[in-house]
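Residues per chain, in single letters:
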Amino acid sequence: MNAPEYNDMLRRSPDSVRGSYETETRSRTRYVPGGARTLWILAGLLLLAAVIWAIRPGPATKADRFLGAGGPVPVGVARVSSGDIHVTLNALGAVTPLATVTVKPQVTGILTKITFTEGQMVKAGQMLAQIDPRPFQAALDQAKGTLAHDVAQLDNAKVDLVRYQNLTKQNAISEQTLATQEALVRTDAGTVLADKAAVETAALNLQYCFITSPVAGRVGIRQVDVGNLMQPGVTNAIVIVTELQPISVLFTLPEDNIPAVLGRAGAGAKLAADAYDREGTVKLASGTLATFDNEVNPTTGTVELRAMFDNSDQKLFPQQFVNIHLLVNTLSNQIIAPVAAIQRGTDGSFVYVVGKDRTVSVRNVTLGPTDNDKVAIASGLQPGDTVVVDGADRLKDGAKVSIPAATALTFGKAGHKGHGGHHHHRPQGGDSSGGAP
């Protein structure tokens, strides 16, 4: 469009033409390549590249990748010591009362009284319930009357016998009459013996009306109510009494452990047995090994043993599952290290020993018996050595370590403290990372 035409259009419609021209001009300017938006995007990319370049780490060596930052590795340590190791066998057992008695009626009658409270501790011979005694008292009185009658007849027969014996000496009566009287005396004597037995039976039945506890222990839930008819062989139970003090625990051990137990028990040693809860963390009671079975169970290859506990605090409850720690022997003057220090590798067990220059070295060890969180060392360590118990998964032979304050723990005669941790595999070769990233 030339200038004369544009001026002519302005004269005819100045507002509409000017607006159309300005709109067309802005539309063309907005999409011009290399505009302001493109410049801002390029500036942001350059700034991001500069930040990434500034925080990029320098060249990392293989040791840096293993140790993280390239400095000493912080570890927890313990000092090897000497002391006693308790050889203990662990087994799962069940608390078993020495006596569990089901109290049943022994005579037929109406239950008239219950004298115990459910869950009550009772003594041996303490009355628990009563059956109506009146019929049995009457039977006893009748038996006593019959006995008195027959005793009188026996006494009279004995008097006649003495008289007949004197008359026989005087040839006043025949020998047959004397023999008959002697037989009558013996008959009456037999009748008196039967009467005495009837009296004892009646007295026993009367005693059975007063039902007592045969053992000392705790009564359970009563099974009958007052007014019920008690019948021997029909009434299942009145109550169950369980002896709690003392109490035993039955547990099993593999047959391979029996020679060691037999050897100690045969030498007269009383083997201590401790009962722990199901989790094995809370000690419930201490006792001793009492006896063991006379044969191996061929199905399981185990032998059953019984440990006795006085249970004075009643922490052991019948049929409760417990963990038994049976102390078989105590080894004195052993080299002791914490279990947490022991690592496992293809060459066997090893530990990381910290030198005076705070450098660790791998040392193979031969293990002995384990006692909770400590283990006897047969070879490889000496008392006074410092071993790593925490952070061993980040170590290799020759690595530098740092030891935080108050972490060197001594295991031995002065007591011991446990460290948590996992067993790790020994690195293969001097430059292995042991699986660390």
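In this report, the structure presented in the accompanying data block is examined.

## A word on the overall build of the protein chain
- A tally of regular secondary structure across the protein chain gives 7 helices and 24 strands.
- Counting over 437 residues, the protein chain shows a buried share of 32%.
- Put simply, 77% of the contacts in the protein chain that link residues at least 6 apart link residues at least 24 apart.
- Put simply, the protein chain shows about 26,000 Å² of open surface, and 55% of that area lies on carbon and sulfur atoms.

## Some thoughts on the pattern of salt bridges
- Within the structure shown, the criterion is met by 5 salt bridges.
- The salt bridge involving Asp-160 is made with Arg-163; its shortest N-O contact spans 2.7 Å. You can see Asp-160 and its partner Arg-163 sitting in helix α5 (residues 134-169), 3 residues apart, about one turn around the helix.
- Given a relative accessible area of 16%, Asp-160 falls into the buried group.
- Of the charged contacts, one joins Arg-363 and Asp-385 as a salt bridge, the two residues approaching to 3.1 Å between their closest N and O atoms. Residue Arg-363 is located in strand β19 (residues 360-364), and its partner Asp-385 is located in the loop between β21 (374-379) and β22 (386-390); the two are separated by 22 residues in the primary sequence.
- On the basis of relative accessible area, Asp-385 is assigned to the buried category, the value being 18%.

## Overview of the layout of surface pockets
- Here the second largest pocket is characterised by a volume of approximately 230 Å³.
- Every residue lining the second largest pocket is counted, 13 residues in all, and those nearest its centre are Lys-104, Gln-106, Tyr-208, Ile-211 and Thr-212.

## So, α5
- Taking 1.5 Å of rise per residue, 36 residues should cover 52 Å, and α5 covers 53 Å from first to last C-alpha, within 8% of that figure.
- Of all the positions in α5, only Phe-136, Leu-140, Ala-143, Leu-147, Asp-150, Leu-154, Ala-157, Asp-160, Leu-161 and Thr-168 are classed as buried.
- Those residues of α5 that are buried lie in contact with α6 (175-208).
- At the C-terminal side of α5, Asn-171 shows a positive phi close to 60°.

## Things to note about the nonpolar core
- Among the nonpolar cores identified, the biggest contains 31 residues, and Leu-128, Ile-131, Val-219, Val-239 and Val-241 are the most heavily contacted of them.
- Going through the elements one at a time, β7 (127-131), α5, α6 and β11 (239-242) are the ones with two or more residues in this core.
- Per-element accounting of this core gives the leading share, 7 residues, to α5.
- Not counting residues within four places of it along the chain, the set of residues in contact with Ile-131 comprises Pro-105, Val-107, Gly-109, Ile-110, Leu-111, Thr-112, Cys-209, Ile-211 and Met-230.
- Within the second largest apolar cluster, 25 residues are counted, among which are Val-249, Ile-258, Val-261 and Phe-309.

## Looking at unusual backbone geometry
- Looking along the chain, the bond that leaves Gln-245 and enters Pro-246 is cis, with omega of 0°.
- Considering the arrangement of structural elements, one finds Pro-246 in the loop between β11 and β12 (247-254).
- Positive phi outside glycine occurs at Gln-319, with the angle close to 70°.
- Checked against the element boundaries, Gln-319 lands in the loop between β15 (302-309) and β16 (321-338).
- Despite not being glycine, Asn-372 has its phi angle at roughly 55°, a positive value.
- Here Asn-372 lies in the loop between β20 (366-371) and β21.
- The class for Asn-372 is exposed, based on a relative accessible area of 65%.

## Focus: the packing of α5 against α6
- It is the contact of α5 with α6, at a shortest axis distance of 8 Å, that shows an interaxial angle of 160°. When the axis of α5 is compared with that of α6, the two are roughly antiparallel. Like other packed secondary-structure pairs, α5 and α6 cross with a definite hand, here left-handed.
- Residues that form the contact of α5 with α6 fall into these classes: 20 nonpolar, 9 polar and 9 charged.

## Focus: the environment of Thr-252
- Tracing the backbone shows Thr-252 in strand β12.
- As a C-alpha pair, Thr-252 and Ala-94 span 158 residues in sequence and 9.9 Å in three-dimensional space.
- Apart from residues lying up to four places away in sequence, Thr-252 is in contact with Ala-91, Leu-92, Thr-302, Val-303, Glu-304 and Leu-305.

## Here's the deal with the sheet that holds β7
- The strand order across the open sheet built from 4 strands is β8-β7-β5-β10, with neighbouring strands paired in antiparallel fashion. Among the strands making up the open sheet, the edge pair consists of β8 (210-212) and β10 (229-230).
- Where strand β5 (residues 109-114) meets β7, 3 bridges bridge the pair, whose relative direction is antiparallel. Its bridge partner being in β7, Ile-114 is matched across the sheet by Ala-129.

## A look at the pairing of β5
- Alignment of β5 against β10, held across 2 bridges, turns out to be antiparallel. The residue of β10 that forms the bridge with Ile-110 is Leu-229.

## Points about the packing of aromatic side chains
- Inspection of the entire model under this criterion finds 1 aromatic pair.
- Ring geometry for Phe-350 versus Tyr-352: centroids 5.6 Å apart, planes at 85°, classification edge-to-face. Here Phe-350 matches Tyr-352 in class, with each residue buried.

Calculation rules
Each chain has its residues counted from 1, running along the sequence as written. Confidence filtering applies because this is a predicted model: local features only for residues at pLDDT of at least 70, side-chain atom pairs given and counted only at 80 or more, and all residues used for totals across whole chains, interfaces and linings. Hydrogens and waters are ignored; side-chain quantities use all the structure's heavy atoms. Here a strand is any run of E in DSSP of at least two residues, a helix any run of H or I of at least four, and the numbering for each starts at the N terminus. Each residue gets one of three labels from its accessible area relative to the maximum for its type: buried under 20%, exposed over 50%, partly exposed in between, using a 1.4 Å probe on protein chains only. By the convention used here, residues are in contact when the closest approach between their heavy atoms is within 4.5 Å. Accessible surface is estimated by sampling points in the Shrake-Rupley manner with a 1.4 Å probe; for residues, cover comes only from the protein chains shown. In the sections that follow, a salt bridge refers to a side-chain nitrogen of Lys or Arg positioned within 4 Å of a carboxyl oxygen of Asp or Glu. Of the two site types, the cavity is a set of points on a 1 Å grid over the protein atoms alone where a 1.4 Å probe fits but cannot get out, and the pocket is an open set with protein on both sides within 12 Å along at least five of seven lines, each lined by residues with an atom within 4 Å of a point. Grid points are joined across faces, edges and corners, and a volume is the space filled by probe spheres set on the points. Expected span of a helix, by definition, is 1.5 Å for each gap between consecutive residues, and there is one gap fewer than residues. Within this scheme, the nonpolar core is defined by two criteria: the residues are buried Ala, Val, Leu, Ile, Met, Phe, Trp, Tyr or Cys, and they are joined through side-chain atoms within 4.5 Å. Axes, fitted as lines to C-alpha atoms, cover a helix only where it is in contact. Angles between the N-to-C directions of the axes lie from 0 to 180 degrees. Our angle categories are set so that under 35 degrees counts as roughly parallel, over 145 as roughly antiparallel, 65 to 115 as roughly perpendicular, and the remainder as oblique. Here a crossing is taken to be left-handed if its near helix is turned anticlockwise relative to the far helix by less than a right angle, and right-handed if that turn runs clockwise. For this classification, the nonpolar set comprises Ala, Val, Leu, Ile, Met, Phe, Trp, Tyr, Cys and Pro, the charged set comprises Asp, Glu, Lys and Arg, and every other residue, Gly included, is treated as polar. Each pair of strands is called paired provided DSSP finds at least two bridges between the two strands. Think of it this way: a Phe, Tyr or Trp ring, Trp meaning its six-membered ring, pairs with another when their centres are within 6.5 Å, and the plane angle makes it stacked under 30 degrees, edge-to-face over 60, tilted otherwise.

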